[in-house]
Amino acid sequence: MEPRESWAALTAGGVAGVFVDLILFPLDTVKTRLQSPQGFRKAGGFHGIYAGVPSTAIGSFPNAAAFFITYENVKSLLHHDSTSYLTPAAHMVAASLGEVVACLIRVPSEVVKQRAQVSPSSSTLRILSHTLYHEGIQGLYRGYKSTVLREIPFSLVQFPLWESLKDLWSWKQGHVVDSWQSAVCGAFAGGFAAAVTTPLDVAKTRIMLAKAGSSNASGNVLTALSGIWRTQGLSGLFAGVVPRMAAISLGGFIFLGTYEKTRQLLL
């Protein structure tokens, strides 16, 4: 991959990340509060819907940029030696590695954001300083494993499906898809991936919001999932599935469409 292409992927990914995260922040807050162990109303209901937005504003660009520069470089590297039937596997590997790298930036931002979302009376800076004082740096990485375990299955579904839908549409019309067509493919791929990975998202939220010393604070995803299943059943595992699907479908449209458009402009 040439330096110009890498720079385009980094910039386009960052711009797309900021766009989608800020536009869809209210839906994300509703989803987090629905998944919160104290319940939607006690977590703030519809009050302070933009609580935690500074954390997102700071983390979005580097997080999305890290994902796409890794994704595009790994995809480019693997495509040199892969035949057509191995292409989806190349997309899966590239997306998975992209998520592992991006989560190093995403998780601290996500921890602070989600804690602010369920405590709208506390400022983002206060929550950050409280987390660092009581839990140290490792407190900011609470839920790293659960986030990676959510993001990798999500990306294993979303990105190969996105790439396949684009290839199919391109083949049908006889030329490469436009950015808006890529966005439509992204919406379908994102919505489907969001639905099937909701239980992992609920577990991640519970781990990040857990009080220090509690069973969920250990970061064990299976423990979190079994606890949710015992106390709330299937509805608990799929808490927030509607706003999550809505946000990620719309997010896939904005995110992947903006990425493609910005990348085309830069190349």
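Every chain begins its residue count from 1, and numbering advances along the sequence as written. It should be noted that, the model being predicted, local features are given only for residues of pLDDT at least 70 and side-chain atom pairs only at 80 or more, the latter also being counted only at that level, while totals for whole chains, interfaces and linings use all residues. Think of the side-chain values as coming from all heavy atoms in the structure, minus any hydrogens and water.

Peer 1: Before we move on, could you go through the overall build of the chain and cite the residues and values that matter?
Peer 2: Every helix listed is a DSSP run of H or I at least four residues long, and every strand listed is a run of E at least two residues long, numbered separately from the N terminus. The secondary structure content of the chain amounts to 11 helices and zero strands. Traced from its N-terminal end to its C-terminal end, the chain shows the element sequence α-α-α-α-α-α-α-α-α-α-α. In this description the radius of gyration comes from C-alpha coordinates, and the expected globular size is given by 2.2 Å times residues to the power 0.38. Against the 2.2 N^0.38 benchmark of 18 Å for 267 residues, the chain shows a C-alpha radius of gyration of 18 Å, consistent with a compact globule. Across its three principal axes, the chain shows a C-alpha extent of roughly 55 × 35 × 30 Å. In the chain, the proportion of contacts linking residues at least 24 apart, taken out of those at least 6 apart, comes to 78%. Accessible areas in this description were obtained via Shrake-Rupley with a 1.4 Å probe; residue shielding takes into account the shown protein chains only. Summing over all exposed atoms, the chain offers an accessible surface of approximately 12,500 Å²; the carbon and sulfur share of this is 68%. Mean positive and mean negative side-chain charge positions of the chain (22 and 15 charges, respectively) differ by 14 Å. Any two residues having at least one pair of non-hydrogen atoms within 4.5 Å are treated as being in contact. Positive charges are assigned to Lys and Arg, negative charges to Asp and Glu, while His and the chain termini are left out of the count. For this purpose, a charge sits on NZ of Lys, CZ of Arg, CG of Asp or CD of Glu.

Peer 1: How would you explain helix α4 (residues 87-117) if you had to name every residue and give the values?
Peer 2: With 31 residues, α4 ought to run about 45 Å at 1.5 Å a step, yet its terminal C-alpha atoms sit only 39 Å apart, falling short of that. Of all the bends in α4, the greatest measures close to 45 degrees and is centred on Cys103. Among the 31 residues in α4, 22 count as buried, and that is most of the element. A helix is expected to reach a length of 1.5 Å times the quantity of its residues less one. Two axes enter the definition of the bend at a residue: one is fitted to the seven residues ending there, the other to the seven starting there, and the bend is the angle between them. Relative accessibility under 20% of the residue-type maximum defines a buried residue, over 50% an exposed one, and the middle range a partly exposed one, all with a 1.4 Å probe and only protein chains included.

Peer 1: Which residues make up the nonpolar core, and what are the values?
Peer 2: Counting 21 residues, the largest nonpolar core has Phe67, Phe68, Tyr71, Phe159, Trp162, Phe255 and Tyr259 as the members making the most contacts within it. Those elements that provide at least two residues to this core are α1 (3-23), α3 (53-79), α4, α7 (144-173), α8 (179-196) and α11 (241-266). The element contributing the most residues to this core is α3, with five residues. The contacts of Phe68, once residues within four sequence positions are left out, are Ala9, Gly13, Phe159, Phe255, Leu256 and Tyr259. Think of a nonpolar core as a cluster: buried Ala, Val, Leu, Ile, Met, Phe, Trp, Tyr and Cys residues, connected wherever their side-chain atoms sit within 4.5 Å. In this structure, Ile207, Ile228, Leu237 and Ala239 belong to the second largest nonpolar core, which totals nine residues.

Peer 1: How would you explain the packing of helix α2 (residues 25-35) against helix α9 (residues 198-209) if you had to name every residue and give the values?
Peer 2: Relative to each other, α2 and α9 sit at 80 degrees, their axes nearing to 9 Å. Of the possible angle classes, the one that applies to α2 and α9 is roughly perpendicular. For the pair α2 and α9, contact is made by Lys31, Thr32 and Gln35 and by Asp201, Val202, Thr205 and Arg206, respectively. Residues are grouped as follows: nonpolar covers Ala, Val, Leu, Ile, Met, Phe, Trp, Tyr, Cys and Pro; charged covers Asp, Glu, Lys and Arg; every other residue, Gly included, is treated as polar. Here the residues of the contact of α2 with α9 sort into one nonpolar, three polar and three charged. To obtain an axis, a line is fitted to C-alpha atoms, over the contacting stretch when the element is a helix, and the angle between two such axes runs from 0 to 180 degrees between their N-to-C directions. To sort the angles, those under 35 degrees are grouped as roughly parallel, those over 145 as roughly antiparallel, those from 65 to 115 as roughly perpendicular, and the leftovers as oblique.

Peer 1: Could you give me a rundown of α1, with the residues and numbers involved?
Peer 2: Because each turn of an α-helix spans 3.6 residues, side chains separated by three or four positions in sequence point in the same direction. End to end, α1 covers 30 Å across 21 residues, agreeing with the expected 30 Å (1.5 Å per residue, within 8%). Taken as a whole, α1 has its buried residues at Ser6, Ala8, Ala9, Thr11, Ala12, Gly13, Gly14, Ala16, Gly17 and Val20. Buried residues in α1 make contact with α3 and α11.

Peer 1: Which residues make up the environment of Ala65, and what values do they have?
Peer 2: Within the element layout of this structure, Ala65 appears in helix α3. A C-alpha to C-alpha distance of 26 Å links Ala65 and Ile207, two positions 142 residues apart in sequence.

Peer 1: Can you break down the side chain of Lys75 residue by residue, with the values?
Peer 2: Summarising the element assignment, Lys75 is placed in helix α3. Excluding residues that lie within four positions of it along the chain, Lys75 makes contacts with His91, Ala94 and Glu163.

Peer 1: Go over the packing of aromatic side chains with me, naming the residues and quoting the values.
Peer 2: Think of it this way: a Phe, Tyr or Trp ring, Trp meaning its six-membered ring, pairs with another when their centres are within 6.5 Å, and the plane angle makes it stacked under 30 degrees, edge-to-face over 60, tilted otherwise. According to the stated counting rule, one finds 13 aromatic pairs in the structure shown. Consider the rings of Phe67 and Phe159, whose centres lie 5.0 Å apart with planes at 40 degrees: the pair is tilted. With Phe67 in helix α3 and Phe159 in helix α7, the pair connects residues that are 92 residues apart, well separated along the chain. For the pair shown, Phe67 and Phe159 are each scored as buried. Plain terms: the ring middles of Phe68 and Phe159 are 6.3 Å apart, the flat faces sit at 75 degrees to each other, and that makes the pair edge-to-face. Taken together, the residues Phe68 in helix α3 and Phe159 in helix α7 connect sequence positions 91 residues apart.

Peer 1: So what's going on with the environment of Phe61? Which residues, and what values?
Peer 2: In this fold, Phe61 is placed in helix α3. A residue is classified by how much of its surface remains accessible, and Phe61, at 34% relative accessible area, is partly exposed. For Phe61 and Gly190, which are 129 residues apart along the polypeptide, the C-alpha to C-alpha distance reads 19 Å.

Peer 1: Describe a nonpolar patch on the surface, naming the residues involved and giving the relevant values.
Peer 2: Among the surface-exposed residues, Leu104, Ile105, Leu132, Ile137 and Tyr141 lie close enough to one another that they form a single nonpolar patch of about 420 Å² accessible area. Along the chain, Leu104 falls in helix α4. Patch definition: residues with relative accessible area over 30% and no salt bridge; like charges joined within 9 Å; nonpolar side chains (Val, Leu, Ile, Met, Phe, Trp, Tyr) joined within 5 Å. Basic side-chain nitrogens of Lys or Arg form a salt bridge, by our definition, when they fall within 4 Å of a carboxyl oxygen of Asp or Glu.

Peer 1: Provide a residue-level description of the packing of α8 against α11, including the pertinent values.
Peer 2: At a minimum axis distance of 7 Å, the contact between α8 and α11 shows a crossing angle of 150 degrees. Taken as axis vectors, α8 and α11 run roughly antiparallel relative to one another. Considering only the axes of α8 and α11, their crossing is right-handed. Across from Ser179, Trp180, Ser182, Ala183, Val184, Gly186, Ala187, Gly190, Gly191, Ala194 and Ala195 in α8, the residues of α11 making contact are Val241, Arg244, Met245, Ile248, Ser249, Gly252, Phe253, Leu256, Gly257, Glu260, Lys261 and Gln264. Residue composition of the contact of α8 with α11, grouped by class: 11 nonpolar, nine polar and three charged. Whether a crossing is left-handed or right-handed is set by the direction in which the near helix is turned from the far one by less than a right angle, anticlockwise for left-handed and clockwise for right-handed.

In short, the description is geometric, and any link to function would need to be established separately.
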